Amino acid sequence: MQSLWNRAANSNYQSPSLSGVPPDFESFFPCVVRRHSFNPWVRHTGRYDRRYPGVGLVTHDETAILFNYGLALQHESIIEIGCWVGWSTTAWALSGVHVIAIDPVLNRLPQGESCRASLQKAGMLDNVDLIGDYSHEALARLAASGFHARGIFIDGDHEGDAPLHDAMDAQAVAADDCIIIFHDLLQPNIGRALTWLGRHGWNCGIHYTAQFVGVAWRGGLRPLHCQPDPKVEWTTLIRKRYPHLVEFPSLE
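As the structure is a prediction and not an experimental result, all values here were calculated from the model.

Reading guide: rules and limits
- Residues take numbers from 1 onward in each chain, read along the sequence in its written order.
- Only residues with pLDDT of at least 70 get local features here, since the model is predicted, and only at 80 or more are side-chain atom pairs given and counted; chain-wide, interface and lining totals rely on the full set of residues.
- For the side-chain quantities, the full set of heavy atoms in the structure was used; hydrogens and water were omitted.
- The numbering of helices and of strands both runs from the N terminus, where a helix is a DSSP run of H or I of at least 4 residues and a strand a run of E of at least 2.
- Here the globule rule reads 2.2 Å times residues to the power 0.38, and the radius of gyration is calculated from C-alpha atoms.
- Partly exposed describes any residue whose relative accessible area lies between the buried limit of under 20% and the exposed limit of over 50%, with all areas from a 1.4 Å probe on protein chains only and scaled to the type maximum.
- The contact criterion used throughout is that any non-hydrogen atoms of two residues lie within 4.5 Å.
- Using the Shrake-Rupley algorithm and a 1.4 Å probe, accessible areas are obtained, with residue cover drawn only from the displayed protein chains.
- By the counting scheme adopted, Arg and Lys are positive, Glu and Asp are negative, and His together with the chain ends is not counted.
- A single reference atom marks each charge: NZ on Lys, CZ on Arg, CG on Asp, CD on Glu.
- Cavities and pockets were defined on a 1 Å grid built over protein atoms only: a cavity is a set of grid points that admits a 1.4 Å probe from which the probe cannot escape, a pocket is an open set flanked by protein on both sides within 12 Å along at least five of seven lines, and lining residues are those with an atom within 4 Å of any such point.
- Grid points are joined across faces, edges and corners, and a volume is the space filled by probe spheres set on the points.
- Put simply, Ala, Val, Leu, Ile, Met, Phe, Trp, Tyr, Cys and Pro go in the nonpolar bin, Asp, Glu, Lys and Arg in the charged bin, and everything else, Gly too, in the polar bin.
- Throughout, nonpolar core names a set of buried Ala, Val, Leu, Ile, Met, Phe, Trp, Tyr and Cys residues whose side chains join them through atoms within 4.5 Å.
- Between rings of Phe, Tyr and Trp, where Trp is taken as its six-membered ring, a pair exists when centres lie within 6.5 Å; planes separated by under 30 degrees are stacked, by over 60 edge-to-face, and by other angles tilted.
- Here, a charge over a ring is recorded when the distance from Lys NZ or Arg CZ to the ring centre is within 6 Å and its angle to the ring normal is within 35 degrees.
- For two strands to count as paired, DSSP must find a minimum of two bridges between them.
- With axes taken as lines fitted to C-alpha atoms, and helix axes fitted only over the stretch in contact, angles between N-to-C directions fall between 0 and 180 degrees.

Caption draft 1: Layout of the overall build of the protein. What the protein contains, in helices and strands, is eight helices and nine strands. Taken over C-alpha atoms, the radius of gyration comes to 17 Å for the protein, in line with the 18 Å a tight globule of 252 residues would show. If one aligns the C-alpha atoms of the protein with their principal axes, the spans along those axes are about 55 × 40 × 35 Å. Here the protein, with 252 residues, has 55% of them falling under the buried criterion. Taking contacts inside the protein between residues at least 6 apart in sequence as the whole, the part at least 24 apart equals 70%. Accessible surface computed for the protein: about 11200 Å², of which carbon and sulfur atoms make up 51%. When the 20 basic and 26 acidic side-chain charges of the protein are each reduced to a single mean position, those positions are 8 Å apart.

Caption draft 2: Fine view of the layout of surface pockets. For the largest pocket, the calculated volume is near 710 Å³. If you go around the largest pocket, you meet 31 residues; those closest to its centre are Val55, Asp155, Gly156, Asp157 and His158. Listing elements by their share of the lining of the largest pocket, those giving two or more residues are helix 3 (87–94), helix 5 (135–144) and helix 6 (162–173). Tallied by class, the residues present in the lining of the largest pocket amount to 14 nonpolar, eleven polar and six charged.

Caption draft 3: How the structure looks around the nonpolar core. Core analysis: the largest hydrophobic core is formed by 42 residues, its most contacted members being Tyr69, Trp92, Val99 and Ile181. Residue assignment for this core shows that the elements contributing at least two residues are helix 2 (60–72), helix 3, strand 4 (98–102), helix 4 (110–121), strand 7 (174–183) and strand 9 (213–218). Tallying contributions element by element places helix 2 first for this core, with five residues. Setting aside residues no more than four positions away along its own chain, Ile181 makes contact with Leu66, Tyr69, Trp92, Ile152, Phe153, Ile154, Val213 and Gly214. Within the second largest apolar cluster, 40 residues are counted, among which are Ala167, Cys178, Ile190 and Cys204.

Caption draft 4: Inspection of helix 7 (residues 188–198) at higher detail. Among the eleven residues of helix 7, eight are classified as buried, and the element is accordingly described as predominantly covered. Taken together, the buried positions of helix 7 are occupied by Asn189, Ile190, Gly191, Ala193, Leu194, Thr195, Trp196 and Leu197. Contacts from the buried residues of helix 7 go to helix 6, strand 7, strand 8 (203–207) and strand 9.

Caption draft 5: Looking closely at the packing of aromatic side chains. Under the criterion given, the structure shown has ten aromatic pairs. Between Tyr208 and Phe212 the ring centres are 6.1 Å apart and the planes differ by 80°, which places this aromatic pair in the edge-to-face class. Phe212 shares its class with Tyr208; the two are buried. Seen in terms of ring centroids, Phe212 and Trp234 are 5.7 Å apart; in terms of plane orientation they differ by 80°. Their pairing is edge-to-face. Of this pair, Phe212 sits in the loop between strand 8 and strand 9 while Trp234 sits in helix 8 (residues 234–241); the two residues are 22 residues apart in sequence, bridging distant segments of the chain. Both residues of the pair, Phe212 and Trp234, belong to the buried class. Among the aromatic residues, ring-to-ring pairing joins Phe25, Phe28, Phe29 and Trp87 into one connected group. A cation sits over an aromatic face here: Arg35 above Phe38, 3.9 Å from the ring centre.

Caption draft 6: The arrangement of the sheet that holds strand 7 in detail. With mixed pairing, seven strands are arranged side by side in an open sheet as 5-4-3-6-7-9-8. The sheet terminates laterally at strand 5 (128–131) and strand 8, the two strands that pair on one side only. Within the sheet, the average angular offset between the axes of one strand and its neighbour, ignoring direction, is 15°. Of the pairings in the sheet, the one linking strand 3 (residues 77–81) to strand 6 (residues 149–154) comprises four bridges and is parallel in character. What sits directly across from Ile81, in strand 6, is Ile154. Most of the contacts of helix 6 go to strand 7, to which it runs at about 160°, and overall it touches strand 3, strand 6, strand 7 and strand 9. Contacts from helix 7 reach strand 7, strand 8 and strand 9 within the one sheet, and its direction differs from that of strand 7 by about 160°.

Caption draft 7: Quick look at the side chain of Ser95. Inspection of the secondary structure puts Ser95 in the loop between helix 3 and strand 4. Apart from residues lying up to four places away in sequence, Ser95 is in contact with Phe67, Gly70, Leu71 and Gln74.

This is the structure we're talking about:
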């Protein structure tokens, strides 16, 4: 049983329809290590910075999803709320978008310095604007400047109503044609943020991944459709473990 767990836990699943990040991607993050899945029911390899073991990063599959959204938005500017050590930031930048990353750790905290270092290793530092501030204040300034983004990735403060407030603030800077992406939709409060957007005119769906990725879109942009891991009984899993996700269609 243990050997079966280990084989499953080390699965770097990626939807076959997606392009992957460059094969040397992990070399940009010398402190990132692999571990068994953060989700015991979806055994995809987890990753975290060994200095901060309590904070997981997006999985291999989720990284590919973000990278492919970036390919679809090439040459556009996208907003990232929450960059941590820069894993997702680098994936976005490598796809060819210009990233506006917002995170208080970028205000000279060690995690923000790690983000800068990884972007530098990847040759992407000039493709990213790094804003060391809280999302509410930073997004208010962007909105006041008249800036509108066609892509927004929300993976910041996960506590309480913070994801909902990020969704509300993101809508203020969203272009008429826009996609908003959420990580960690397995948390009900993040699901409520996606529901809020649905009630305000957005189309909504989810990618079935280890942590679940939520997507809201409007206007002329459309979400990716990719195959979730066929080894997982997704319908049963959602019904039993994540009933708050039943309302959202799968983006298969």
